There are 2 protein chains.
Amino acid sequence: VPTNLYDDPEFFARYSELRRSVEGLSGAPEWRALQAMLPPLGAARVLDLGCGFGRFCRYAREAGASRVLGVDISENMLARARAETDDPAIEYVLGSIDAQDFAPASFDVAFSSLALHYLPDVAPPFDMVHRALAPGGRFVFSVEHPIYTAPSHPGWVTDESDDQVWPLNRYLDESARITDWLAPGVVKYHRTVATYVNTLIEQGFRILHLEDWGPTTEQIAAWPEIGVERERPFFLLLSAEQP
Amino acid sequence: VPTNLYDDPEFFARYSELRRSVEGLSGAPEWRALQAMLPPLGAARVLDLGCGFGRFCRYAREAGASRVLGVDISENMLARARAETDDPAIEYVLGSIDAQDFAPASFDVAFSSLALHYLPDVAPPFDMVHRALAPGGRFVFSVEHPIYTAPSHPGWVTDESDDQVWPLNRYLDESARITDWLAPGVVKYHRTVATYVNTLIEQGFRILHLEDWGPTTEQIAAWPEIGVERERPFFLLLSAEQP
């Protein structure tokens, strides 16, 4: 297992202070939209790729999943995930998403929250998930939106009319992006919306729903600082079916 | 039939001078990508929504289509389309895309190039196309990319690092945009990538391919001015199947 950003003590401390880390699923503003894309979890076998603190794994069990497997590359994250449950139907595996392989048709639902943009290529994990899902199985995931990851200088700027604008460039240049996010030199992989969609289709999935996620009016009323996130989408949410 | 932008003499004159107008399909840099998304046209019944000068209609016949129907809202455009062919298997209809309705399963391929962003809502035309296509039929279209249509001030700006950036904002604000494109006050309707994709799915289509189109390296070598178009996608191309 390679050393991981989330095992850097300073990064981990800062990550742990984020609203989404402190408040759990409901502290992540995109959670309701992702949740609406999930099939009923009752009796489902659920896979969570990049499970972090295990919040979704525990949610899936509360929603009736029969078995949940969480995968994460960070020992820190999994140590905390393990400390927060003694449910024998939840299993955590330390390792990269890329390195996983499962028996065919061993899951009904695969989920991944903000993890796949750390992988240089999504074709191998999409293929792995496709094989791991049973016919009719569902794959639901979020990533940082390609509009968000593309720019050479990501960050709001104020234009001549005093509008906040997102300085988009390099959208079609699919390659690594190095940003300072909670720590210097964080590497994420920018790819287009087309690549996410077409790779799913090429691996045999049927696209069910796509969301260019931004906060709702109600969310902005409750948390005004995120209002600017409607100027460009923050996350890309996708759901697909293994037909 | 409402009066149309393309029937404004000055606009029409300027539009007629565009490279894509002078050179036909091959003068449109996205044509090869759209063409690759088409099924074989041999013996197909083809519908072209927003057919303009009728170039795609004539191409479809050359590619073996048995019958082609072109729809356009502009009398100017159709006058020229009619003047350029006497093929009895090509029929032109004057009217808005919104106002069309066809017998169920009367076409095998529906095509639309850069027309659907003039319509305030794509659900009715997508529903109309879905009914008009035979099972297994294909719908292939291009629109101005939502990243291109979103901004309050669309146009390249140079940032502090001397990079050309696209000042993206209002992405999630789906509504009319008024721009000066060949004429002042041209109205186009901005909607998100998600809306195009999800509306197709909701109307019963299966997504086959999506492209965030930008010019290829070869195209930039031949036409250097379009190099900047790789910084953000210019067109959105979609193909979907009526299953």
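Please refer to the structure placed before this passage.
Remember, it's a predicted structure, so these values are computed and weren't measured experimentally.

What counts as what
Throughout, a residue's number is its position along its own chain's written sequence, starting from 1. As they are written, the chains are lettered A onward and the ligands numbered 1 onward, keeping that order. Where totals are concerned, whole chains, interfaces and linings use all residues; where local detail is concerned, this predicted model gives features only for residues with pLDDT of at least 70, and gives and counts side-chain atom pairs only at 80 or more. Side-chain measures were taken over the full set of non-hydrogen atoms in the model, leaving aside hydrogen atoms and water. Starting at the N terminus, helices and strands are each numbered in turn, a helix being any DSSP run of H or I of at least four residues and a strand any DSSP run of E of at least two. Here the globule rule is a power law, 2.2 Å times the number of residues to the power 0.38, and the radius of gyration is based on C-alpha atoms. For every residue, the accessible area (1.4 Å probe, protein chains only) is compared with the maximum for its type, and the residue is labelled buried under 20%, exposed over 50%, or partly exposed between those bounds. Here the accessible surface of atoms and residues is derived via Shrake-Rupley with a 1.4 Å probe, and residues count as covered only by protein chains that are part of the display. Within this scheme the basic residues Lys and Arg register as positive and the acidic residues Asp and Glu register as negative, but His and the chain ends are omitted. A charge is said to be at NZ when it belongs to Lys, at CZ for Arg, at CG for Asp and at CD for Glu. Pairing between strands is defined by DSSP: at least two bridges between them are needed. The axes are straight lines fitted to the C-alpha atoms, using for helices just the contacting stretch, and the angles between their N-to-C directions are given from 0 to 180°. It only takes one pair of heavy atoms within 4.5 Å for two residues to be counted as in contact. Note on definitions: salt bridges are taken to be side-chain nitrogens of Lys or Arg within 4 Å of carboxyl oxygens of Asp or Glu. By the criterion applied in these results, polar contacts are pairs of N or O atoms within 3.5 Å in which, for protein atoms, one can donate a hydrogen and the other can accept it, and in which residues neighboring in sequence qualify only through two side-chain atoms. Under the convention adopted here, Pro, Cys and the residues Ala, Val, Leu, Ile, Met, Phe, Trp and Tyr are nonpolar, Asp, Glu, Lys and Arg are charged, and Gly plus all remaining residues are polar. Here, the term nonpolar core denotes a set of buried Ala, Val, Leu, Ile, Met, Phe, Trp, Tyr and Cys residues that are joined through side-chain atoms within 4.5 Å. Least squares is the method used to superpose the copies, on C-alpha atoms of residues holding a pLDDT of at least 70 in both. In this context, the arc is that of the directions from the helix axis out to the C-beta atoms. For the handedness criterion, the strands are oriented away from the viewer, and a crossover whose path from the first strand over the helix to the second runs clockwise is classed as right-handed.

To continue, consider the overall build of chain A. Each helix and strand counted, chain A has nine helices and eleven strands in total. A globule of 243 residues ought to have a C-alpha radius of gyration of about 18 Å, and chain A, at 18 Å, matches this closely. Projected onto the principal axes, the alpha-carbon positions of chain A cover approximately 55 × 40 × 40 Å. Each of the 243 residues in chain A was classed as buried or not, and the buried ones make up 53%. Total accessible area computed for chain A in this model is approximately 10,000 Å², and 51% of it derives from carbon and sulfur atoms. Seen as two clouds, the 20 positive and the 35 negative side-chain charges of chain A have centres 5 Å apart.

Strand pairing in a sheet relies on backbone hydrogen bonds. The paired strands run either parallel or antiparallel. All names here are of chain B. As summarised here, the arrangement of the seven strands in space is E3-E2-E1-E4-E5-E11-E10, forming an open sheet in which the pairing is mixed. This sheet does not close on itself; its edge strands, each paired only once, are strand E3 (90-94) and strand E10 (206-213). Strand-to-strand, the axes of this sheet are offset by a mean angle of 15°, without reference to chain direction. Here six bridges tie strand E4 (residues 107-113) to strand E5 (residues 133-144), and the two strands are oriented parallel to one another. Residue pairing for E5: Phe 107 is matched across the bridge by Leu 133. Together, strand E1 (45-49), strand E2 (67-72), E3 and E4 form the strand contacts of helix H4 (residues 55-62), whose direction differs from that of E3 by roughly 160°. Along the sheet, helix H5 (residues 75-83) makes contact with E2 and E3, crossing E3 at roughly 165°.

A separate point is the interface of chain B and chain A. The interface of chain B with chain A comprises 36 residues on the first partner and 36 residues on the second. At the boundary of chain B with chain A, the tally comes to zero salt bridges. Here chain B is connected to chain A by 20 residue pairs in polar contact (both at pLDDT 80 or more). Among the secondary structure elements, those contributing two or more residues to the side of chain B that touches chain A are strand E7 (164-168), helix H8 (193-202) and E10 of chain B. Looking at which element gives the most residues to the side of chain B that touches chain A, the answer is E10(B), with eight residues. Residues that form the side of chain B that touches chain A fall into these classes: 17 nonpolar, nine polar and ten charged.

Another aspect to go through is the sheet that holds E7(B). If you walk across this open sheet you meet the four strands as E6(A)-E7(A)-E7(B)-E6(B), and the pairing is antiparallel. Since the sheet does not close on itself, it has two edges, and those belong to strand E6 (157-158) of chain A together with strand E6 (157-158) of chain B, each with one partner. Here E6(B) runs beside E7(B); their pairing, made up of two bridges, is antiparallel. Looking across to E7(B), one finds that Val157(B) is bridged to Val165(B).

Counting 104 residues, the largest nonpolar core has Phe139(A) and Phe139(B) as the members making the most contacts within it. If near-sequence neighbours (up to four positions away) are discounted, Phe139(A) is found in contact with Ala110(A), Leu116(A), Phe126(A), Val129(A), Leu133(A), Leu200(A), Phe205(A), Leu238(A), Ser239(A) and Ala240(A). One finds Cys51(A), Cys57(A), Ala60(A) and Phe235(A) within the second-largest nonpolar core, a separate group that totals 26 residues.

Residues and elements named next belong to chain A. For Arg 170, which is not glycine, the phi dihedral falls at a positive 60°. Take Arg 170: it is sitting in the loop between strand E7 (164-168) and strand E8 (176-179). Taking the relative accessible area as the measure of exposure, Arg 170 reaches 26% and is therefore partly exposed.

Next up on the list: the side chain of Lys188(B). Residue and element names in this part refer to chain B. Note on placement: Lys 188 falls in strand E9 (residues 186-189). Of note is the side chain of Lys 188, whose polar atom sits 2.8 Å from the side chain of Glu 144. Every residue in contact with Lys 188, bar those within four places of it in the chain, is listed here: His 117, Tyr 118, Glu 144, Ser 175, Ala 176, Arg 177 and Trp 181.

Least-squares fitting of chain B to chain A yields an RMSD of 0.0 Å, with the transformation described by 0.0 Å of translation along the axis and a rotation of 180°. Read as a symmetry element, the transformation amounts to a two-fold axis. The position closest to the rotation axis in chain B is occupied by the C-alpha of Pro167(B), lying 2.6 Å away. A shared interface surface links the copies, since 100% of the contact residues of chain B are contact residues in chain A too.

Take the environment of Asn198(B) next. Considering the arrangement of structural elements, one finds Asn198(B) in helix H8. It is 32 Å that separates the C-alpha atoms of Asn198(B) and Val157(B), two residues lying 41 residues apart in sequence. Once you skip the residues sitting within four places of it in the chain, Asn198(B) turns out to touch His209(A) and Leu210(A).

Residue and element names in this part refer to chain A. Inspection of the entire model under this criterion finds 24 salt bridges over all chains. With a shortest N-O distance of 3.0 Å, Arg 58 and Glu 84 are connected by a salt bridge. On the criterion of sequence distance, the pair formed by Arg 58 in helix H4 (residues 55-62) and Glu 84 in the loop between helix H5 (75-83) and strand E3 (90-94) is long-range, its members being 26 residues apart. Note on Glu 84: relative accessible area 38%, which makes it partly exposed. Its salt-bridge partner being Arg 232, residue Glu 229 comes within 2.7 Å of it at the nearest N-O pair. Across this residue pair, the class does not change: Glu 229 and Arg 232 are buried.

What follows deals with helix H1 (residues 9-17) of chain B. Residues and elements named next belong to chain B. Every buried residue belonging to H1 is among Phe 11, Phe 12, Tyr 15 and Ser 16, and all of these are buried. Looking down the long axis of H1, one finds its buried residues gathered within 130° of arc, a one-sided arrangement. Counted as exposed and oriented over 90 degrees from the buried face of H1: Pro 9, Glu 10 and Glu 17. Summarising the contacts, the buried residues of H1 are in contact with helix H2 (19-23), H5 and E9. N-cap assignment for H1: the residue whose side-chain oxygen lies 3.2 Å from the backbone N of Glu 10 is Asp 8.

For a regular strand, side chains alternate in direction, first toward one face of the sheet and then toward the other. Residues and elements named next belong to chain B. With respect to burial, E5 is a largely interior element, nine of its twelve residues being buried. The β-α-β motif built from E4, the intervening helix H6 (residues 123-132) and the parallel element E5 has right-handed crossover chirality. Pairing between E5 and strand E11 (residues 235-241): seven bridges, direction antiparallel. Paired with Glu 144 across the bridge in E11 is Phe 235.

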